[in-house]
Amino acid sequence: MAVLLFFAGDGFTAPLLRQEIVRVAIIKGGDGVRIDGDGLLATDEKGEPLRLTLPTQVKRAGGNLSVGGQTVSRLTVASPATIQVNGKRYRGTIEVEPSDKGVLVVNELPLEDYLVGLINCEISSQWPIESVKAQAVVARTYAVYQMRARAGAPYHLESSVLDQVYDGCEIEDSRAARGVRETAGEILTYGGQPIQAFYHSNCGGRTEVAENVWGVRLPYLRSVDCAYCATNPSIRWELAIPLKKLEVLLKGAGIQVSGLREIRDGKRNESGRLIDLTLVSSRGGVTISAVNFRKIVGYTAIKSTNFAVRPATDSVHFSGTGYGHGVGLCQWGAKQRASDGFSYREILAYYYPGALLGQLPGEQGVDAR
Ligand SMILES: [Zn+2]
């Protein structure tokens, strides 16, 4: 059947990969930005060219932008090479528009170029190449999912840990480019659709199901054993936080814990992570979910929900393992598996059981296993 379809087309012409374009919010807020670069072409909201003296400062002026003494409602900058925004270089085009919080700067560029820039923000391209390729596929899949989900929105992705960390093309290198090129157009699918390819730094020994973090069950985001990241001693973390400081943080999130005396860890789920905690104050005990506690105290302070609590004088001591929500691919685990000789396909099949490796745009994939 596939052969018949092939010949029913235009002979032996290979199908062209549709160039996917991604829109990434690189700056949200602030009064303005500085734009610089060689051979830049700037246009206003009507597509009319603007004459700029570079470098130029773009400032929000009410509901518009002020740029080089001209007032526009939107500025688009294109370049044959790269565009500098506040000193960082980006490929593709840059769009600046006013927003309630200041200026919104969106970088629009081919998906594959975005991925090359992203690799060294998320991991190191010096890691074994199969783990770089695995990272390229999950980042591409994650981006494609968001591009579909936010098709009508001003941008598809944040450039922070809220989505995927991305800082332009300053840290592109040949190994990052190789990881992207050798997996060109490949994404993970389930039921013919791109999966929600969540990933995290290190799981601490066992990955987490999506349901325990976001309350949504996804068949390809199951909890799997990961002894691979556990070979790295820095998966363990320790932290002491004064009770007074915790009280302020919790109150800031609307949880009344005046005279916070103690924090007790509660039940654990099947992956070993804490489900909830009890906050004991002069008003009695309040139970909150560990996921919410981590959000309130800070994702970089409480690195995972896999921790134990120990009381100390006027403070609480936390000791835990893992960094991140623990769902999907474990980056450090993938690194170790690649060092052990596993291919990126085997790594992906391990962390996303049941997902298939397919080719954009939406072709039937081959089983990643
Ligand atoms: Zn792991």
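Quick notes on the rules
- Residues numbered from 1 in each chain as written.
- Predicted model: local features only at pLDDT ≥ 70, side-chain atom pairs only at ≥ 80, totals over all residues.
- Heavy atoms only, no water.
- Axes fitted to C-alpha atoms, helices over the stretch in contact; angles between N-to-C directions.
- Helix = DSSP H or I, 4+ residues; strand = E, 2+ residues; numbered from the N terminus.
- Parallel < 35°, antiparallel > 145°, perpendicular 65-115°, else oblique.
- Left-handed = near helix turned anticlockwise from the far one by under 90°.
- Contact = heavy atoms within 4.5 Å.
- Nonpolar A, V, L, I, M, F, W, Y, C, P; charged D, E, K, R; others polar.
- Donors = N, O, S within 2.8 Å, 3.2 Å for Na, K, Ca; no water.
- Tetrahedral: all angles 85-135°; square planar, octahedral: opposite > 155°, others 65-115°.
- Core = buried A, V, L, I, M, F, W, Y, C linked by side-chain atoms within 4.5 Å.
- Buried < 20%, exposed > 50% of the residue type's maximum accessible area, 1.4 Å probe, protein only.
- Domains from an automatic or database assignment.
- Buried area = accessible area lost by both parts, 1.4 Å probe.
- Polar contact = N/O pair within 3.5 Å; in protein donor to acceptor, adjacent residues only side chain to side chain.
- Pairing = 2+ DSSP bridges.
- Salt bridge = Lys/Arg side-chain N within 4 Å of Asp/Glu carboxyl O.
- Expected span 1.5 Å × (residues − 1).

Draft legend 1. Summary view of the packing of helix H3 (residues 129-149) against helix H4 (residues 174-181). Between H3 and H4, whose axes approach to 8 Å, the crossing angle comes to 60 degrees. Taken together, the axis directions place H3 and H4 in an arrangement best described as oblique. Crossing of H3 over H4 shows right-handed handedness. For the pair formed by H3 and H4, the contact residues are Ile129, Val132, Lys133, Ala136 and Arg140 on the first element and Arg175, Ala176, Arg178, Gly179 and Val180 on the second. Taken together, the residues of the contact of H3 with H4 sort by class into 5 nonpolar, 1 polar and 4 charged.

Draft legend 2. View of the coordination of the zinc ion. Surrounding the zinc ion are the protein donor atoms Cys203 (SG), Cys226 (SG), Cys229 (SG) and Cys330 (SG), at 2.3 to 2.4 Å. Around the zinc ion, the 4 donor atoms sit at angles spanning 103 to 118 degrees, and that spread fits a shape best called tetrahedral.

Draft legend 3. View of the nonpolar core. Core analysis: the largest hydrophobic core is formed by 75 residues, its most contacted members being Tyr114 and Tyr352. For this core, the element with the highest residue contribution is H3, accounting for 11 residues. Residue-level mapping places this core at the junction of two domains, with at least three residues from each of domain 1 (2-110) and domain 2 (112-230 + 326-367). Contact partners of Tyr352, with chain neighbours within four places excluded, come to Val138, Leu188, Ile195, Ala197, Phe198, Tyr199, Tyr220, Leu221, Gly328 and Leu329. Ranked by size, the runner-up nonpolar core spans 22 residues in total, among them Leu260, Leu274, Ile296 and Val297.

Draft legend 4. Looking closely at the domain arrangement of the protein chain. Entries for the protein chain in the domain assignment read domain 1 (2-110), domain 2 (112-230 + 326-367) and domain 3 (236-321). Taking only C-alpha atoms, the centre of domain 1 and the centre of domain 2 are 26 Å apart. Taken residue by residue, the interface counts 21 residues in domain 1 and 21 residues in domain 2. Summed over both partners, the interface of domain 1 with domain 2 buries about 2000 Å², with 54% contributed by carbon and sulfur atoms. Counting every contact that joins domain 1 to domain 2 gives 15 residue pairs in polar contact (both at pLDDT 80 or more). Secondary-structure elements contributing two or more residues to the side of domain 1 that touches domain 2 are strand S1 (21-28), strand S10 (88-90) and strand S12 (102-110). Counting residues per element, the side of domain 1 that touches domain 2 draws most heavily on S1, at 7 residues. Here the side of domain 1 that touches domain 2 is composed, by residue class, of 11 nonpolar, 3 polar and 7 charged.

Draft legend 5. A look at the sheet that holds strand S18 (residues 262-265). Taken in spatial order, the 3 strands of this open sheet run S18-S19-S20, and their pairing is antiparallel. Strand pairing shows two members of the sheet lacking a second neighbour, S18 and strand S20 (284-289), which therefore form its edges. Each neighbouring strand pair of the sheet contributes to a mean axis angle of 25 degrees, computed without reference to strand direction. Pairing of S18 with strand S19 (residues 276-281), which is carried by 4 bridges, proceeds in the antiparallel orientation.

Draft legend 6. Main features of the pattern of salt bridges. In the structure shown here, the tally under the stated rule is 18 salt bridges. A salt bridge links Glu112 to Arg140, with the nearest nitrogen and oxygen atoms 2.8 Å apart. Taken together, the residues span a long stretch of sequence, with Glu112 in helix H2 (residues 111-122) and Arg140 in helix H3 at a distance of 28 residues. An identical accessibility class is assigned to Glu112 and Arg140; each is buried. Linking Glu211 and Arg217 is a salt bridge whose minimum nitrogen-to-oxygen distance equals 3.2 Å.

Draft legend 7. Up close: the pairing of strand S8 (residues 75-78). As judged from the 3 bridges shared by strand S3 (residues 41-43) and S8, these two strands associate in the antiparallel manner. Its bridge partner lying in S8, Thr43 is registered against Thr76.

Draft legend 8. Structural view of the side chain of Thr56. As for its placement among the helices and strands, Thr56 is situated in strand S5 (residues 56-61). Dropping the residues within four chain positions of it, Thr56 is found in contact with Val33, Arg34, Ile35, Val67 and Gly68.

Draft legend 9. H2, seen in detail. Its 12 residues give H2 an end-to-end C-alpha distance of 16 Å, which sits within 8% of 16 Å, the value for a rise of 1.5 Å per residue. With 10 of 12 residues buried, H2 lies mostly within the body of the structure. Inspection of H2 places Leu111, Glu112, Tyr114, Leu115, Val116, Gly117, Leu118, Ile119, Cys121 and Glu122 among the buried residues, and these make up the whole buried set.

Draft legend 10. Region of the structure containing the sheet that holds S12. Strands sit in the order S4-S3-S8-S11-S12-S1-S13 across an open sheet of 7 strands; the sheet is mixed. At either margin of the open sheet sits one strand with a lone partner, and together these are strand S4 (49-50) and strand S13 (157-158). Pairing of S3 with S4 involves 2 bridges; the strand directions are antiparallel. If you follow Thr43 over to S4, its bridge partner there is Pro49. In this fold H2 packs onto S1, S12 and S13, with an angle of close to 110 degrees to the strand it touches most, S12.

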